Amino acid sequence: MSISGMFPIAGPPSTAAASSGIDVLPLEYINIDPSSGFSKLEPDAMGYEVAHNAGTGVTTFTMDALDPGNAKYSFTDSGAEYPRSSKLLVDSAGTTMTTADSFIMNVRLSLYDNTVPANADLRMGVGLCLDPTATTTGAFDGYGVTLRTVSGSRKGGIVKMDSSSGSMSTMSAAGNTVVFGQIVRSARKNPIVLAYGETSGQMPSNSYVDSTSTVELAATTNWSLWVAVTIATTSGTINASETFAVKMDYQIVRLS
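These numbers come from a predicted model, not from an experiment.

Tallying secondary structure elements over the protein chain gives three helices and 15 strands in all. Within the protein chain, the proportion of its 256 residues that are buried is 46%. Long-range pairs, those at least 24 residues apart, make up 71% of the contacts in the protein chain between residues at least 6 apart in sequence. Accessible surface, the protein chain: about 11100 Å² in total, of which carbon and sulfur atoms supply 52%.

Here we take up the pattern of salt bridges. Applying the stated criterion across every chain, the model contains nine salt bridges. Between glutamate 42 and lysine 40 there is a salt bridge, with its nearest N and O atoms 3.3 Å apart. Take glutamate 42: its relative accessible area is 30%, and that puts it in the partly exposed class. Across the pair arginine 108 and aspartate 249 runs a salt bridge whose closest N-O atoms are separated by 3.3 Å. On the criterion of sequence distance, the pair formed by arginine 108 in strand S6 (residues 103–110) and aspartate 249 in strand S15 (residues 243–254) is long-range, its members being 141 residues apart. Exposure remark for arginine 108: the relative accessible area of 23% places this residue in the partly exposed category. The structure contains a network of salt bridges with shared partners spanning Lys40, Glu42 and Glu49.

Residue proline 68 is reached from aspartate 67 by a cis peptide bond, and omega for that bond is 0°. Here proline 68 shows up in the loop between strand S4 (58–63) and strand S5 (84–88). For leucine 111, which is not a glycine, the phi torsion comes out positive at approximately 50°. Among the secondary structure elements, leucine 111 is positioned in the loop between S6 and strand S7 (122–129). For aspartate 141, which is not glycine, the phi torsion reads 50° and is therefore positive.

Turning our eyes to something else, we now look at the sheet that holds S5. Strand pairing in a sheet is mediated by backbone hydrogen bonds. Such pairs are either parallel or antiparallel. One open sheet holds the seven strands; their spatial order is S2-S5-S14-S7-S8-S9-S10, and the pairing between them is antiparallel. Sheet topology places strand S2 (39–41) and strand S10 (167–170) at the edges, where each strand pairs with a single neighbour. Averaged over all neighbouring strand pairs, the angle between strand axes comes to 20°, with direction disregarded. Sheet topology note: the S2/S5 ladder contains three bridges and is antiparallel. Its bridge partner lying in S5, lysine 40 is registered against serine 85.

By the element assignment, valine 145 lies in strand S8 (residues 142–148). Residues contacting valine 145, with those up to four places away along its chain left out, are Val107, Leu109, Met124, Gly125, Val126, Gly157, Val179, Gly181, Gln182, Ile183, Leu194 and Ala195.

Extensive coverage of strand S9 (residues 155–161) is indicated by the burial of seven of its seven residues. Where S8 lies against S9, seven bridges are found, and the strand directions are antiparallel. Across the sheet, the residue bridging to tyrosine 143 is lysine 160, located in S9. Pairing analysis gives four bridges linking S9 to S10, with the strands arranged antiparallel. Note on S10: the bridge partner recorded for valine 159 is methionine 168.

Across the twelve residues of S15, eleven count as buried, placing the element largely inside the fold. In terms of strand pairing, S4 meets S15 through five bridges, oriented antiparallel. The residue bridging threonine 62 from the neighbouring strand is threonine 243, located in S15. As judged from the eight bridges shared by S6 and S15, these two strands associate in the antiparallel manner. Bridging across to S15, isoleucine 104 finds its partner in valine 253.

Reading the values: the criteria
Residues numbered from 1 in each chain as written. Predicted model: local features only at pLDDT ≥ 70, side-chain atom pairs only at ≥ 80, totals over all residues. Heavy atoms only, no water. Helix = DSSP H or I, 4+ residues; strand = E, 2+ residues; numbered from the N terminus. Buried < 20%, exposed > 50% of the residue type's maximum accessible area, 1.4 Å probe, protein only. Contact = heavy atoms within 4.5 Å. Areas by Shrake-Rupley, 256 points an atom, 1.4 Å probe, with all protein chains shown as cover. Salt bridge = Lys/Arg side-chain N within 4 Å of Asp/Glu carboxyl O. Pairing = 2+ DSSP bridges. Axes fitted to C-alpha atoms, helices over the stretch in contact; angles between N-to-C directions.

Read these as spatial facts, not as claims about activity.
The following block contains the structure:
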């Protein structure tokens, strides 16, 4: 008897049998262009205009004059009257994400320049929320990855806004050339939101922050992608036409 007759040669493994039922694709980063397809909201005096470079993926924010600042323009106040741009949050296949989905939203902030408003401690952010038009933090129901621009330095951070006032944490290490973040969503709850930075491809010390939340949000509700610019203090001022620039990308990894 031949060897093949004694030991039948198995064919290639069945992909159907090997499937776990978890769809992690598509994984492409999506460049964020607030100048196209986004709705902009400026509830009060603070505002901006955006210009997007399709070649580099960088967005430049040109600020309106603001004098004086106010706590309602910050992520951490009970008011949420900072300017923002938003649209429905979709994955790379164009499918809208809802609170029934479990997924990871990866955020990458890079290619930022050294020109920032001189007298304002700006905190910009990218994330997801349920009500992008809310003017109170409790109604916003959102989470995000942030970038601080004070004194020309760059510090990453995270923010959660799912109760009466916002909670924000910022890295102590400055000079990060790239800020990465993850917003991990289980159905209706937020296991963790975290951010960390890199300098020349390495993670410097004290450049990691995270937080979690047990707040249960509304069932089967569409998520919105938001981009916002805020200030951290009530005393900062912004001159008309002061600018800063950043490349913003996100990625959706479906877990179920």
